[in-house]
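If you want the building blocks of each chain, they are given just below.
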There are 2 protein chains.
Amino acid sequence: MAEFNPRLYFITDSTKYEKDEFLRRVEAALKGGVTLVQLREKERSTREYLELANEVHKLTLKYNVPLIIDDRLDVAMAADTEGVHLGQSDLPVNIARRLFGPDKIIGATAKTVEQALEAYEQGADYLGVGAIYPTTTKVKTILTSTEMLDKICHAVPIPANAIGGLNKDNIDVLKGIPIAGVCVVSAIMKADDPKQAAEELSAAMQDKLEL
Amino acid sequence: MAEFNPRLYFITDSTKYEKDEFLRRVEAALKGGVTLVQLREKERSTREYLELANEVHKLTLKYNVPLIIDDRLDVAMAADTEGVHLGQSDLPVNIARRLFGPDKIIGATAKTVEQALEAYEQGADYLGVGAIYPTTTKVKTILTSTEMLDKICHAVPIPANAIGGLNKDNIDVLKGIPIAGVCVVSAIMKADDPKQAAEELSAAMQDKLEL
């Protein structure tokens, strides 16, 4: 099985692309070294979400990278992906853990220490914390300070990632905070060359964050 | 466990009501004798869908009527409802059957004999066939003729229900077709008195359709 490593966590956004171009970009990101992929679909029907999940899963399996499905445990179970990511308006983590099984990866979004502790206690494997910067991929964004991110990292024993408007030029702000990795959408998805973008972001994380 | 009987199948629409009024109407329909209830939510978050499913489930359990969740197997599994209903753009029936288990009720929408046979072969317990009449509760409606409904009823050994704009005054059109029951939304949901509407529809089905 693909090993879980949230260091460079690529979250997709298919809304701007034809399917072939979308898949080409996801594969380029995998070639560029992303360590975890999340498929995030908000507008598609369940059937369409499942069909796209199956196609993306073929790619991630080829590169031995786990695939996480956003929100929809039914799609994750139907496609037998390695994990699911749950926001505060999605299924509770403990219910998803019971249905999905002990070996699957379950991630949760946390914006406060309380949410982080609850997700951890309910069985989450990792946290996404943000948005650190405003983002164009979510209509409603509530910003999370780097101070809160730091508090959350220290409050729970599971890996926590920073998310929200992050790219190779602004990740300095995360320096010294014990994050496990960085989640990005646009910095890779919308790059002229997603492979190069992933490589440069990875190099910047090592240089600036020693990650 | 509540017994499966699709005779008077009430599909909810919560969009026009405050939660208390919605639940009051669902309970009135149960008092009026509906034999099956489907919770159908298209706009809510997963968490909201689950919370509402849990509340409706308390009511249906009280009246010993199975609760079916539209589309979302994750919500159905999380709320442990008796069933799930799958349209052509939802999960395939065979995948849902594998995940949900052999004892759960799985329904499918069919507009053609091919779709009906596929759903049956994949493990569906019943079919919803329509829309017989135009309906106001779905934006996109493709009409199904009563001739097609009749063909489907004869093509598969599982119960098939008529759906779409049906009410006590127009169900005559179904006379002679071996349907198992009738699905309604508005005829009960929007009635001044949902209990009375369910009772009158039930009586009309007996009088006009010998059902």
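Given the structure is predicted, the values throughout are model-derived calculations rather than measurements.

## Quick look at the packing of helix α5 (residues 113-122) of chain A against helix α6 (residues 146-155) of chain A
Residues and elements named next belong to chain A.
Part 1: As a packed pair, α5 and α6 sit with axes 9 Å apart at the nearest point and diverge in direction by 30°. By the angle between their axes, α5 is roughly parallel relative to α6. Relative to α6, α5 is oriented so that their crossing is right-handed. Between α5 and α6, the residues in contact are Val-113, Ala-116 and Leu-117 and Met-148, Lys-151, Ile-152 and Ala-155, respectively.
Part 2: The residue makeup of the contact of α5 with α6, split by class, is 6 nonpolar, no polar and 1 charged.

## Some points on the nonpolar core
Part 1: Judged by nonpolar contacts, the single largest core of 145 residues is most densely connected at Leu-127 of chain A together with Leu-127 of chain B.
Part 2: Beyond its immediate stretch of four places on either side in the chain, Leu-127 of chain A contacts Ala-108, Ala-110, Ala-116, Ala-119, Ile-152, Val-156, Ile-158, Pro-159, Ala-160 and Asn-161 of chain A.

## Looking at helix α2 (residues 46-62) of chain B
Part 1: End to end, α2 of chain B covers 24 Å across 17 residues, agreeing with the expected 24 Å (1.5 Å per residue, within 8%).
Part 2: For α2 of chain B, the full list of buried residues reads Thr-46, Tyr-49, Leu-50, Leu-52, Ala-53, Val-56, His-57, Leu-59 and Thr-60 of chain B.
Part 3: Residues of α2 of chain B that are buried make contact with α4 (93-100) of chain A together with α1 (19-31), β2 (36-39), β3 (67-70) and α3 (73-79) of chain B.
Part 4: With its phi angle positive at about 60°, Asn-64 of chain B sits one or two positions after the end of α2 of chain B.

## Remarks on the interface of chain B and chain A
The accessible area lost on association of the parts is a frequent measure of interface size.
Part 1: Listed by partner, the interface residues are 19 residues for chain B and 19 residues for chain A.
Part 2: For the chain B and chain A pair, buried surface summed over both sides reaches about 1,600 Å², with 60% attributable to carbon and sulfur atoms.
Part 3: For the interface between chain B and chain A, the tally reads 2 salt bridges.
Part 4: Between Arg-72 of chain B and Asp-74 of chain A there is a salt bridge; the shortest N-O distance is 3.7 Å.
Part 5: Counting every contact that joins chain B to chain A gives 12 residue pairs in polar contact (both at pLDDT 80 or more).
Part 6: When residues of the side of chain B that touches chain A are traced back to their parent elements, those giving at least two are α2, α3 and α4 (93-100) of chain B.
Part 7: With 4 residues, the top contributor of residues to the side of chain B that touches chain A is α3 of chain B.
Part 8: Here the side of chain B that touches chain A is composed, by residue class, of 8 nonpolar, 5 polar and 6 charged.

## A few points about the sheet that holds β2 of chain B
Residue and element names in this part refer to chain B.
Part 1: Spatially, β1-β2-β3-β4-β5-β6-β7-β8 is the arrangement adopted by the 8 strands of the closed barrel, whose pairing is parallel. Adjacent strand axes in the sheet meet at a mean angle of 25°, parallel and antiparallel pairs treated alike.
Part 2: Taken together, the 3 bridges between strand β1 (residues 8-11) and β2 define a ladder with parallel strand orientation. In the sheet register, Phe-10 faces β2, and the bridge partner there is Val-37.

## Examining the pattern of salt bridges
Between side chains of opposite charge, a pair can form when the charged atoms approach closely.
Part 1: For the structure on display, the rule yields 26 salt bridges over all chains.
Part 2: Put simply, Glu-41 of chain A and Arg-44 of chain A hold a salt bridge, and the shortest N to O gap is 2.7 Å.
Part 3: Overall, Glu-41 of chain A belongs to the buried group, its relative accessible area being 8%.
Part 4: Linked through salt bridges whose partners overlap, the residues forming this network are Arg-72 and Asp-74 of chain A together with Arg-72 and Asp-74 of chain B.

## Looking at the confidence of the model for chain A
Part 1: Confidence in the prediction for chain A averages 96 pLDDT; 98% of positions are at 70 or higher.
Part 2: Scored by ipTM, the complex comes to 0.96, with pTM at 0.97.

Reading the values: the criteria
Sequence order as written defines the numbering, with residues in each chain counted from 1. Numbering of ligands from 1 and lettering of chains from A proceed in the order in which they are written. The predicted nature of this model means local features are confined to residues of pLDDT at least 70 and side-chain atom pairs, given and counted, to a pLDDT of 80 or more, with totals for whole chains, interfaces and linings taken over all residues. Side-chain numbers come from the whole structure's heavy atoms, not from hydrogens or water. Whenever a helix is involved, its axis is fitted only over the stretch in contact; in every case the axis is a line through C-alpha atoms, and angles between N-to-C directions fall within 0 to 180 degrees. Elements are defined by DSSP. Helices are runs of H or I of four residues or more, strands are runs of E of two residues or more, and each kind is numbered from the N terminus. Orientation is classified from the angle alone, with under 35 degrees giving roughly parallel, over 145 giving roughly antiparallel, 65 to 115 giving roughly perpendicular, and any other angle giving oblique. Should the near helix be turned anticlockwise from the far one by less than a right angle, the crossing is left-handed, and should it be turned clockwise, the crossing is right-handed. Note on contacts: a residue pair is in contact if any heavy atoms of the two residues lie within 4.5 Å. Here the nonpolar group is Ala, Val, Leu, Ile, Met, Phe, Trp, Tyr, Cys and Pro; Asp, Glu, Lys and Arg are the charged ones; every other residue, Gly included, is treated as polar. Residues belong to a common nonpolar core when they are buried Ala, Val, Leu, Ile, Met, Phe, Trp, Tyr or Cys residues joined through side-chain atoms within 4.5 Å. Relative accessibility thresholds used throughout: buried, under 20% of the residue-type maximum; exposed, over 50%; partly exposed, between the two (1.4 Å probe, protein chains only). Every helix has an expected span of 1.5 Å times one less than the residues it contains. Put simply, buried area is how much 1.4 Å-probe accessible surface two parts lose in total, over both of them, once they are put together. Salt bridges are defined by distance alone: a side-chain nitrogen of Lys or Arg within 4 Å of a carboxyl oxygen of Asp or Glu. Counted as a polar contact is a pair of N or O atoms within 3.5 Å, where, for protein atoms, one must be capable of donating a hydrogen and the other of accepting one, and residues adjacent in sequence contribute only when both atoms are in side chains. One bridge is not enough; two strands pair if DSSP finds at least two bridges between them. Each residue carries a pLDDT score, the predictor's own confidence in it, on a scale running from 0 to 100.

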